[in-house]
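Commentary on secondary and tertiary structure
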Amino acid sequence: MPGHTAADRAEPTLFSHRVERQRLGQPLAERMRPQRLEEVVGQPHLLGAGRLLRQILVQPAVHKQGGRAFLPSLILWGPPGSGKTTLGQLIAAHVGARMASLSAVHSGVKDLRQAIDEARIALSEHGQRTILFIDEIHRYNKGQQDALLPHVEAGTVVLLGATTENPGFEINQALLSRCRVLRLSPHSQDDLQALVERALNDRERGLGQLAVELAEDVREQLVRYAAGDARRLLTTLEALVYLTPEAADGVRRPSTAELEQALAQRVLPHDKDGELHHDVISALIKSVRGSDPDAALYWTARMLEAGEDPLYVLRRLVILAAEDIGPADPRALPMATSTVEAVRFVGMPEGHLAISSLVLFLSIAPKSNSALTAYAAAREAVQRHGALPVPIHLRDGHSATARALGHGAGYLYPHDHPGNHVAQRYLPSELPDEELPFYRPAQSGFERQISERLEILRRR
């Protein structure tokens, strides 16, 4: 992250007046929550020089002219453990606003009204703004979101909504139009390594009072398991350290065995966007394409048990169903898309049963890449010849003007002919016949029947 200014370091913390009392019994992840901008790790696209959040957090809380610090309503969109709550607290502390926090899981319109009434009183009687932080705001229904709208618009509260879901789908447009959407990224492996180092060395809030030596392989597996989630990382680190007994010299040296115990499951090496991630998904796709169900199941299990996002695996399988099976078994693509919905509905770990069924089906299904090659041929023709005119008999002739121009004249309606088919040209006449056909069915699965039927149709 970029260097920090004196203004960054000078800001008071949100918890300074009661931090000692609160720390007792707090988990490591809460104790290590950043209290100043300089402690925030990651998110350079939001906190780098000239970026919006950094501008908010380094501006004077009260301008010399008597104006208040600029503070728009924000939707913080990012995965778990990416720092949404932390940023909300830092913003409230910096601008001197009172902060009211609600969870959309446990609150309703009544709680919203109470928070807004208290905000109105704070503003009118004390001149103090209220930041209303709503965690998991996407869980509010339309009525609850509508209840927020007039108060955000009037400035009674400044809304800071945190969500793990795409706001464009989950938050109504009227409310969204009054907010800035800021997307937080998962923490990188370097970010997580830095957080581990800080927690192990911080004697006041971290684990620095304990003598801990964390081997490089254990550290790397811990970071991989966290998968970009700082909270998960610190929670696991704390359990790992306290599960590791002191050696004779008083030093705790956690091993992979202790890490597996801390996780309550076997630790599988995996990364979310590194070489191993791409190698394993490549092995899965090639095993399904090669019709080896055992290998396909192995690579699927490798990814899921290592904590890979099941929807990522399913996205790749949906593509495979269209690219490598396609018309050879028309059931493949609908089954792949229905498995996505099944996993969203059931969740994990039970969702692995639906994924397993899909992997077996796709592995055993007949293979064809004709959908890929046919589209590639059609696209090449479009790029080579440009936008050729639509034949006059295929143009829309519903309006009187179109009919007067001859649109639709000469079109042969297939259902008026034997077998519901009649020979006529559907392609632009300027397209050379030698470039056809685009679609050449494979001789496997259902495409054998398609090939036979298509041969008859094309001869007519």
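All values reported here derive from a predicted model rather than from experimental measurement. (Residues numbered from 1 in each chain as written. Predicted model: local features only at pLDDT ≥ 70, side-chain atom pairs only at ≥ 80, totals over all residues. Heavy atoms only, no water.)

**What to know about the overall build of the protein**
Within the protein one finds 22 helices and five strands. Considering the protein as a whole, with its 460 residues, one finds that 42% of them fall into the buried category. In the protein, 68% of the contacts between residues at least 6 apart in sequence involve partners at least 24 apart. Looking at the protein as shown, the accessible area adds up to about 24,500 Å², and 53% of this sits on carbon and sulfur atoms. (Helix = DSSP H or I, 4+ residues; strand = E, 2+ residues; numbered from the N terminus. Buried < 20%, exposed > 50% of the residue type's maximum accessible area, 1.4 Å probe, protein only. Contact = heavy atoms within 4.5 Å. Areas by Shrake-Rupley, 256 points an atom, 1.4 Å probe, with all protein chains shown as cover.)

**Overview of the packing of aromatic side chains**
This structure, assessed with the given rule, holds one aromatic pair. Aromatic side chains tyrosine 298 and tryptophan 299 sit 4.8 Å apart centroid to centroid with 75° between the ring planes, which places their arrangement in the edge-to-face category. For tryptophan 299, a relative accessible area of 23% gives the class partly exposed. We note arginine 232 situated over the ring of tyrosine 225; from NZ or CZ to the ring centre the distance is 5.1 Å. (Phe/Tyr/Trp six-rings, centres within 6.5 Å; stacked < 30°, edge-to-face > 60°. Lys NZ or Arg CZ within 6 Å of the ring centre and 35° of its normal.)

**Some details on helix α14 (residues 256–263)**
When we look at burial in α14, the residues that qualify are Glu258, Leu259 and Leu263. Buried positions in α14, seen along its axis, are confined to an arc of 135° and lie on one side of it. Summarising the geometry of α14, the exposed residues directed more than 90 degrees from the buried face are Ala257 and Gln261. (Arc of directions from axis to C-beta.)

**Some words on the sheet that holds strand β5 (residues 180–183)**
The strand order β2-β3-β4-β1-β5 describes an open sheet built from five strands, whose pairing is parallel. The strands lining the two open edges of the sheet, one partner per strand, are β2 (98–103) and β5. Pairs of neighbouring strands in the sheet enclose a mean axial angle of 20°, with direction left out of account. Where strand β1 (residues 74–77) lies against strand β4 (residues 158–163), four bridges are found, and the strand directions are parallel. Considered in β4, the bridge of tryptophan 77 is made with threonine 163. In the packing of helix α6 (residues 84–95) onto the sheet, contacts are made with β1, β2, β3 (130–135) and β4, and the angle to β3 comes to roughly 175°. (Pairing = 2+ DSSP bridges. Axes fitted to C-alpha atoms, helices over the stretch in contact; angles between N-to-C directions.)

**Some words on the nonpolar core**
Within the largest apolar cluster, 25 residues are counted, with the highest numbers of intra-cluster contacts made by Val288, Val313, Leu314, Leu317 and Leu362. Counting only elements with at least two residues in this core, the list comes to α15 (275–289), α16 (293–305), α17 (310–325), α18 (332–346) and α19 (351–364). For this core, the element with the most residues is α17, which contributes eight residues. Residue contacts for leucine 314: discarding those within four places in its chain leaves Thr339, Val340, Val343, Ile355 and Leu358. (Core = buried A, V, L, I, M, F, W, Y, C linked by side-chain atoms within 4.5 Å.)

**Examining the side chain of lysine 367**
Structurally, lysine 367 can be placed in the loop between α19 and α20 (370–385). Notably, lysine 367 is buried but unbridged: the nearest opposite-charge side chain belongs to aspartate 324, and the N-O separation is 8.5 Å. Among the polar contacts listed, one links the side chain of lysine 367 to the backbone oxygen of valine 288, at a separation of 3.5 Å. Polar contacts involving the side chain of lysine 367 include one to the main-chain carbonyl oxygen of leucine 362, which spans 3.0 Å. (Lys, Arg positive; Asp, Glu negative; His and termini not counted. Salt bridge = Lys/Arg side-chain N within 4 Å of Asp/Glu carboxyl O. Polar contact = N/O pair within 3.5 Å; in protein donor to acceptor, adjacent residues only side chain to side chain.)

**Some points on the confidence of the model for the protein**
As a general rule, the predicted coordinates of low-pLDDT regions are not to be interpreted in detail. Averaged over all residues, the pLDDT of the protein equals 85, while 89% of them reach at least 70. Note that residues 1–21 has pLDDT below 50 and, in this model, 31 contacts with residues that lie over four places away or in other chains. (pLDDT = per-residue confidence, 0-100.)

**Some thoughts on the pattern of salt bridges**
This structure, assessed with the given rule, holds 21 salt bridges. Measuring nitrogen to oxygen at the nearest pair gives 3.2 Å for the salt bridge that ties arginine 36 to glutamate 39. The exposure class of arginine 36 is partly exposed, given its relative accessible area of 26%. According to the relative accessible area criterion, glutamate 39 is buried, its value standing at 10%. Across the pair arginine 139 and glutamate 136 runs a salt bridge whose closest N-O atoms are separated by 2.8 Å.

**Description of the pairing of β1**
Residues Leu74 and Leu76 point to one face of β1 and Ile75 and Trp77 to the other, with burial holding for every one of them. Across four bridges, the pairing between β1 and β5 is parallel. When the bridges of β5 are listed, tryptophan 77 appears paired with arginine 183.

**Section: α18**
With 15 residues, α18 extends 21 Å between its outermost C-alpha atoms, agreeing within 8% with the 21 Å of an ideal straight helix rising 1.5 Å per residue. Taken together, the buried positions of α18 are Ala332, Ala336, Thr339, Val340 and Val343. All buried residues of α18 fall inside an arc of 105° around its axis, so they share one side. Of the exposed residues in α18, the ones pointing more than 90 degrees away from its buried face are Arg344 and Phe345. On its buried side, α18 packs onto α17 and α19. A positive backbone phi angle near 80° is found at glycine 347, which sits one or two residues after α18. (Expected span 1.5 Å × (residues − 1).)

**Describing the side chain of serine 370**
By the element assignment, serine 370 lies in helix α20. By relative accessible area, serine 370 is classed as buried at 2%. Side-chain polar atoms of serine 370 contact the side chain of glutamate 447, separated by 2.7 Å. Excluding residues that lie within four positions of it along the chain, serine 370 makes contacts with Pro327, Tyr439, Arg440, Ala442 and Glu447.

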